[in-house]
Amino acid sequence: MFRDLRWQRVVVGCLAVLFLGCGESSGAAGVGGGGAGGVGGTGGAGGTVAPPPQVPGLWEADANGVSVCFFIGDDGLKLISSASCDLPSASGGGAHSFDLGADLVGTDENGQRCSFVLAYTNDVTIDQETNSFRVAGFQVPDSDVVLSFTGELSGRTASGVAGSESAGSLCQVAWVATPVTVCDDAAIQTCLALQTCCESILLNPTFFQSCNSVVLQCNEARCQELLDGYPQCAPQ
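**Here's the deal with the overall build of the chain**
- Secondary structure summary: the chain contains 6 helices and 10 strands in total.
- Within the chain, buried positions represent 38% of all 236 residues.
- Intrachain contacts of the chain at a sequence separation of at least 6 include 52% that bridge at least 24 residues.
- Surface accessibility of the chain: about 12,100 Å² in total, with carbon and sulfur atoms responsible for 54%.

**Describing the pairing of strand 9 (residues 157-166)**
- Relative to strand 9, strand 8 (residues 146-154) runs antiparallel, the two being bridged by 7 bridges. Residue pairing in the sheet places Phe 149 in a bridge with Ala 162 of strand 9.
- Pairing analysis gives 9 bridges linking strand 9 to strand 10 (residues 169-179), with the strands arranged antiparallel. Its bridge partner lying in strand 10, Ala 162 is registered against Val 173.
- Counted between consecutive antiparallel strands, the loop separating strand 9 from strand 10 contains 2 residues, among which Ala 167 sits at a positive phi close to 50°.

**Thoughts on the packing of helix 4 (residues 185-200) against helix 6 (residues 220-228)**
- Two elements in contact, helix 4 and helix 6, have axes separated by 8 Å at closest approach and are oriented at 30°. Comparing the axis directions of helix 4 and helix 6 gives the class roughly parallel. Seen from above, helix 4 lies across helix 6 with left-handed handedness. Where helix 4 approaches helix 6, its residues Ala 186, Ala 187, Thr 190, Cys 191, Ala 193, Leu 194 and Cys 197 are matched on the opposing element by Glu 220, Cys 223, Gln 224, Leu 226 and Leu 227.

**Some thoughts on helix 4**
- The terminal C-alpha atoms of helix 4, which comprises 16 residues, lie 23 Å apart, in line with the 22 Å expected from a rise of 1.5 Å per residue.
- Residues Ala 187, Ile 188, Thr 190, Cys 191, Leu 194, Gln 195, Cys 197 and Cys 198 constitute the buried set of helix 4.

**Notes on the packing of aromatic side chains**
- With the rule as written, the count across this model stands at 12 aromatic pairs.
- With centroids separated by 6.3 Å and ring planes inclined at 65°, the aromatic side chains of Phe 133 and Phe 149 adopt a geometry described as edge-to-face. On the criterion of sequence distance, the pair formed by Phe 133 in strand 7 (residues 132-139) and Phe 149 in strand 8 is long-range, its members being 16 residues apart. Accessibility classification places Phe 133 together with Phe 149 in one group, the buried group.
- Relative to Phe 149, the ring of Phe 138 lies with its centre 6.4 Å away and its plane at 80°, an arrangement referred to as edge-to-face. Placement of the pair is Phe 138 in strand 7 and Phe 149 in strand 8, with a sequence separation of 11 residues.
- On the basis of relative accessible area, Phe 149 is assigned to the buried category, the value being 1%.
- In textbook terms, an aromatic cluster arises when at least three aromatic residues are bridged by ring pairs, as seen for Trp 59, Phe 70, Phe 98, Tyr 120, Phe 133, Phe 138, Phe 149 and Trp 175.

**Examining the environment of Thr 157**
- Looking at where Thr 157 falls in the secondary structure, it is placed in strand 9.
- The exposure class of Thr 157 is partly exposed, given its relative accessible area of 42%.
- Thr 157 sits 98 residues away from Trp 59 along the chain, and the two C-alpha atoms are 9.1 Å apart.
- Leaving out residues up to four positions away in the same chain, Thr 157 has contacts with Trp 59, Glu 152 and Ala 177.

**Focus on unusual backbone geometry**
- The residue Leu 104 is not glycine, and still its phi comes out positive at about 50°.
- Although it is not a glycine, Asn 131 adopts a positive phi angle of roughly 55°.
- The residue Asn 131 is located in the loop between strand 6 (124-125) and strand 7 in this model.
- A relative accessible area of 27% places Asn 131 in the partly exposed class.

**Regarding the pattern of salt bridges**
- Summed over the entire model, instances satisfying the criterion amount to 1 salt bridge.
- The shortest N-O distance in the salt bridge between Lys 78 and Asp 75 comes to 3.0 Å.
- Residue classification places Asp 75 among the partly exposed positions, given a relative accessible area of 33%.

**Observations regarding the nonpolar core**
- Of all hydrophobic cores here, the largest spans 29 residues; its most connected members are Phe 70, Phe 98, Leu 100, Phe 149 and Trp 175.
- When contributions to this core are tallied by element, the ones reaching two or more residues are strand 2 (66-72), strand 4 (98-107), strand 5 (113-120), strand 7, strand 8, strand 9 and strand 10.
- The next biggest cluster of nonpolar side chains, apart from the first, holds 13 residues, and it includes Cys 197, Ile 201, Cys 211 and Leu 226.

Conventions adopted
Along every chain, residues carry numbers that run from 1 in the direction the sequence is written. In view of the model being predicted, local features appear only for residues whose pLDDT reaches at least 70, and side-chain atom pairs are presented and counted only at 80 or more, with totals across whole chains, interfaces and linings using the full set of residues. The basis for every side-chain value is the complete set of non-hydrogen atoms in the structure, without hydrogens or water. Secondary structure elements are taken from DSSP: a helix is a run of H or I of four residues or more, a strand is a run of E of two residues or more, and numbering for both begins at the N terminus. Burial classes follow relative accessibility: with a 1.4 Å probe on protein chains only, a residue under 20% of its type's maximum area counts as buried, one over 50% as exposed, and anything between as partly exposed. By definition, residues are in contact when any of their heavy atoms lie within 4.5 Å. Using a 1.4 Å probe, the Shrake-Rupley method yields the accessible areas, and only the shown protein chains count as cover for residues. Any two strands between which DSSP finds at least two bridges are classified as paired. Working convention: axes come from line fits to C-alpha atoms, limited for helices to the stretch in contact. Angles between N-to-C directions cover 0 to 180 degrees. By definition in this entry, angles of less than 35 degrees are roughly parallel, angles greater than 145 are roughly antiparallel, angles of 65 to 115 are roughly perpendicular, and the rest are oblique. Here a crossing is called left-handed whenever its near helix is offset anticlockwise from the far helix by less than a right angle, and right-handed whenever the offset is clockwise. The length a helix should cover is 1.5 Å for every residue beyond the first. We call Phe, Tyr and Trp rings a pair once their centres come within 6.5 Å, taking the six-membered ring for Trp, and we label the pair stacked below 30 degrees between planes, edge-to-face above 60, and tilted otherwise. Just to be clear on terms, a salt bridge is a Lys or Arg side-chain nitrogen sitting within 4 Å of an Asp or Glu carboxyl oxygen. For the purposes of this section, nonpolar cores are sets of buried Ala, Val, Leu, Ile, Met, Phe, Trp, Tyr and Cys residues that join through side-chain atoms within 4.5 Å.

Laid out in structure tokens, this is it:
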């Protein structure tokens, strides 16, 4: 059902090891240079650049009879409708902010297996205090089916519950998802350039960690956007 992402995850894993290794060495440099921290304070504005509250882009998973995807906008503040989130088995076409299909999984109050589909198109705000989102009680057009879903984000893992209620019968299933990272050669090179830039203008460990968290996303556009904000790192 889903694209085969195994090779992408291998590349991302190797990239993460490389970046984290650089982070450790650079972090030590930040400590060693702490004596000059007062001077570096002038350039501390760079430290205000932080990654989005949540990892933007497509999140998905397909396991144990439940297929799910949702899409977080670039600002990391909400789920937004995207053509990338379109599970064939769940929605039959279109762009969605949250898409889920359950096939004979879990049980209802009568002990029957659950099967239902859920396709939501509206924006869904992520509560930044609880890192969670929820939509309750929206009705499927031309039917008596009422659907709902909740989610909670923790780093690069999300989990929640989706439910379908019809004629007094309630089915609920649990779901989990992780972000999908398209870590191609262009993204790797751009994010490596950002990594080098972060090291060269390192002011304090906190700034480096914020910058490095963007690098680890292996997102070409996001890395380039941040890199463009540091003219001192532009090619000579």
